[in-house]
Amino acid sequence: MDPRSERSTTRAREQAVGRLWDALQESGALEEPGVTPEEIETIAQVHDADDSQSPDDDLVQSIWMRVQADVESNATVAARKASNGHGLIQAVAFEGDIGLPQAPAPEEARPRRRKIESVRFAVWRGTRTVAVSAIAGFIAGVMVIGIGARIAMRVAAMFSDDSLQGARTENLETVGEITVGGTISLLLNGGFAGIAGGIVFLAIRRWLPPSGWRRALAIGFVLFAAGGWVVLEQGENMDYRRFGIAGVNICLFTLLPFLFGMAIGPVTDWVDGWMNAALKRTSVWAVAATTLLIVLSLPMTLGAVALLVFDPSPLTLLLLLPVVARATGFLGRRLRLSIPSMTARWLPQVALGAVCVVGLYLSAVAVIRIL
Amino acid sequence: MPSQVDSKAVTHEKATPLDPRDREAIAWQVRAARSDSAGFEALYRAFVDPVYRFCCRRLDTPEAAADATSQVFINAYTGLAGCDETRFRSWLFSIAHNVLVDCYRSRHDHASLDDADDLPSRFESPEEHVVRSEERLAIHRLLAVLTPDQRHIVELRLAGLTGGEIAEALGRSRGSVDTAQCRALARLRRAFLEQRESERRAEVSHGPA
């Protein structure tokens, strides 16, 4: 056999062994053409010989406590070891296996400082998380709902009779007049609605598929179901039938919450990454500007949530339940309160399901009323 | 100290279990953990077992492995923002690999403490301690026949990583990983045969039980 073909044979065998071991890791299958039974047996023997023990629940918990202590104080173990000088002794004594003298744990040495750090960290984390959702919601709201609504109105105008030029809409706008003030107002309304959508996304994102099209479709559907009837104004706005083609108008406007839902996930990821990068910059101005943006986004968020709270519809109030549950869960973890999973998880999910079902029904009623 | 463990364990809220092999779920959880430290707990719970066992295979004592495991997750949390979420597992084990390299480097600084770690527990007899040490070292002895390179690859295989993930974790090409693991298998095969042969000889010399 010439060296080249020998190399390629060896390479093919190595690849086959690699594929076999991959299949074993992924699905537990232990067969692959091109792999000798001896090699298969050796792989099985290596796995059988692995006598490393899994950590028991107590050890998992004690390691987590060490990690959490550092995570929450945003310090590293190196710093912790430097501060008490007995990192390893502490770790060994922690398990209670040997009677070495115990070094004072950082929690005991500086309880007040750690508590302040922990609260500060919780406030900062919570603020940042809400800010990311609010900013992402505003951007997606302006881009999708604001601009989308303007496009939908233009389409409705295109299909309308010339005789309707100059007529007044139910929102007291004049048909055919595109004013700067009206456009800005439309974009800002879209942005504010987007903030509320962003907060809803923050509350329910844990129940959605992790990423990609499935997540986009899921949140799109939820917001379509929950917001479609709101966009259609419960079928009471006769402009849907008066201007353009009613079916086209309904499709275009109910598509907006769906498209917003599809956009909010990627935009949130983008804002999150952008904020991480901005806060890591060495420029004081960049960090200060980002922090200011985070702080400023809070009143806007409160305003958007207030719109939901003061809306008389019980359905929109029901939509707040996941938001409240999410916030309670976050605070409960920080304040070390045990919250029953019924309250924290199942009740908001049932509420969300109810919002979707009733929302779809109301949308259907609104469509029938318009048509 | 045990009372401290108990008091905090009571308030512990269990996270939804994640399958470490479910890449999509892990990627989502990594994104969640970036904006919410609570999200990191789910990642910790999903990966603590393979990471701890990975550390156990390299380190002599469970205490050292626990220490290294906590360091791995602290480093992971600190660097989470720069992690490609689709490659979280290989990224986490590259951190584990680096932490263990640091452990080896600083080992002579803690020689006396390492000796202390190897003392028998208050709860076991010297004989039990010897048996425990023997059992713990079985995989150590087996992997000792390999070169460091090959050993790292086999250890990552035992941790559940695929060939591609091992290549990412060690910063190597997939081809070189395949080659090294094939050679590792050949060495391990020889070691198993020698072990079998020596067991057979021991049986012959001692007679049937």
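Residues numbered from 1 in each chain as written. Chains lettered and ligands numbered in written order. Predicted model: local features only at pLDDT ≥ 70, side-chain atom pairs only at ≥ 80, totals over all residues. Heavy atoms only, no water.

This part takes up the overall build of chain A. The number of helices and strands found in chain A is 14 helices and zero strands. In sequence order, chain A lays out its α and β elements as α-α-α-α-α-α-α-α-α-α-α-α-α-α. Residue burial in chain A is summarised as follows: out of 371 residues, 45% are buried. In chain A, once contacts between residues fewer than 6 apart in sequence are set aside, the share between residues at least 24 apart is 70%. Total accessible area computed for chain A in this model is approximately 19000 Å², and 66% of it derives from carbon and sulfur atoms. (Helix = DSSP H or I, 4+ residues; strand = E, 2+ residues; numbered from the N terminus. Buried < 20%, exposed > 50% of the residue type's maximum accessible area, 1.4 Å probe, protein only. Contact = heavy atoms within 4.5 Å. Areas by Shrake-Rupley, 256 points an atom, 1.4 Å probe, with all protein chains shown as cover.)

The next point concerns the environment of A:G191. Residues and elements named next belong to chain A. Its place among the elements puts G191 in helix α8 (residues 180-204). Along the primary structure G191 and V142 are separated by 49 residues, whereas in three dimensions their C-alpha atoms are 4.6 Å apart. In this structure G191 touches G137, F138, G141 and V142, once residues within four positions along its chain are discounted.

Aromatic ring pairs are described here by two measures, namely the spacing of the ring centres and the angle between the planes. Going through the model one piece at a time under the given rule, you end up with nine aromatic pairs over all chains. On the basis of an interplanar angle of 85 degrees and a centroid distance of 5.6 Å, the ring pair of A:Y240 and A:F253 is categorised as edge-to-face. Taken together, the residues A:Y240 in helix α10 (residues 239-242) and A:F253 in helix α11 (residues 246-280) connect sequence positions 13 residues apart. By relative accessible area, which is 7% here, A:Y240 ends up buried. Judged by its relative accessible area of 13%, A:F253 falls in the buried class. Linked through ring pairs, A:W64, B:F40, B:Y44, B:F73 and B:Y77 together constitute an aromatic cluster. (Phe/Tyr/Trp six-rings, centres within 6.5 Å; stacked < 30°, edge-to-face > 60°.)

This prediction gives chain B a mean pLDDT of 72; 70% of its residues lie at or above 70. The low-confidence segment residues 1-15 of chain B, where pLDDT is below 50, has 21 contacts with residues more than four positions distant or belonging to other chains. (pLDDT = per-residue confidence, 0-100.)

A few words now on the nonpolar core. In this structure, B:F40, B:F73 and B:F88 are the most contacted members of the largest nonpolar core, which totals 49 residues. A per-element tally of this core places helix α3 (residues 37-58) of chain B first, with 11 residues. For B:F73, the contacting residues outside a window of four places in its chain are A:V67, B:F40, B:L43, B:Y44, B:F47, B:V48, B:V51 and B:L92. Membership of the second largest hydrophobic core comes to 30 residues, among which are A:A196, A:V200, A:I204 and A:L352. (Core = buried A, V, L, I, M, F, W, Y, C linked by side-chain atoms within 4.5 Å.)

Of all the bends found along helix α9 (residues 212-231) of chain A, the most pronounced is centred on A:A225 and spans about 35 degrees. Buried residues of α9(A): A:R215, A:A216, A:I219, A:G220, A:V222, A:L223, A:A225, A:A226, A:G227, A:G228 and A:W229, and no others. (Bend = angle between axes of the 7 residues up to and from the residue.)

Residue and element names in this part refer to chain A. On average, residues of chain A score 73 in pLDDT, and 73% of them reach the 70 mark or higher. When mean pLDDT is taken per element in chain A, α8 scores highest with 85 and helix α5 (residues 87-95) scores lowest with 33. For residues 75-110, every residue scores under 50 in pLDDT, and the model assigns this stretch 70 contacts once sequence neighbours within four places are set aside.

The next subject is the environment of B:L188. Position of B:L188 relative to the elements: it lies in helix α11 (residues 174-206). Linking B:L188 and B:L146, residues 42 residues apart in sequence, is a C-alpha distance of 7.6 Å. Setting aside residues up to four positions removed in sequence, B:L188 forms contacts with A:T42, A:V46, B:L142, B:V145, B:L146 and B:V154.

Now for the side chain of B:H97. Residue and element names in this part refer to chain B. Relative to the helices and strands, H97 resides in helix α5 (residues 88-105). H97 gets classed as buried once you look at its relative accessible area, which sits at 13%. Ignoring any residue separated from it by four or fewer positions in sequence, one finds H97 in contact with F54, R58, H152 and L170.

The angle between the axes and the distance between the axes are what describe a pair of packed helices. All names here are of chain A. It is at 11 Å that the axes of α8 and α9 come closest, and there the two elements cross at 120 degrees. With respect to α9, the element α8 is oriented oblique. Crossing of α8 over α9 shows right-handed handedness. In this structure, α8 contributes V200, F201 and I204 to the contact, and α9 contributes R215, I219, V222 and L223. Tallied by class, residues from the contact of α8 with α9 come to six nonpolar, no polar and one charged. (Axes fitted to C-alpha atoms, helices over the stretch in contact; angles between N-to-C directions. Parallel < 35°, antiparallel > 145°, perpendicular 65-115°, else oblique. Left-handed = near helix turned anticlockwise from the far one by under 90°. Nonpolar A, V, L, I, M, F, W, Y, C, P; charged D, E, K, R; others polar.)

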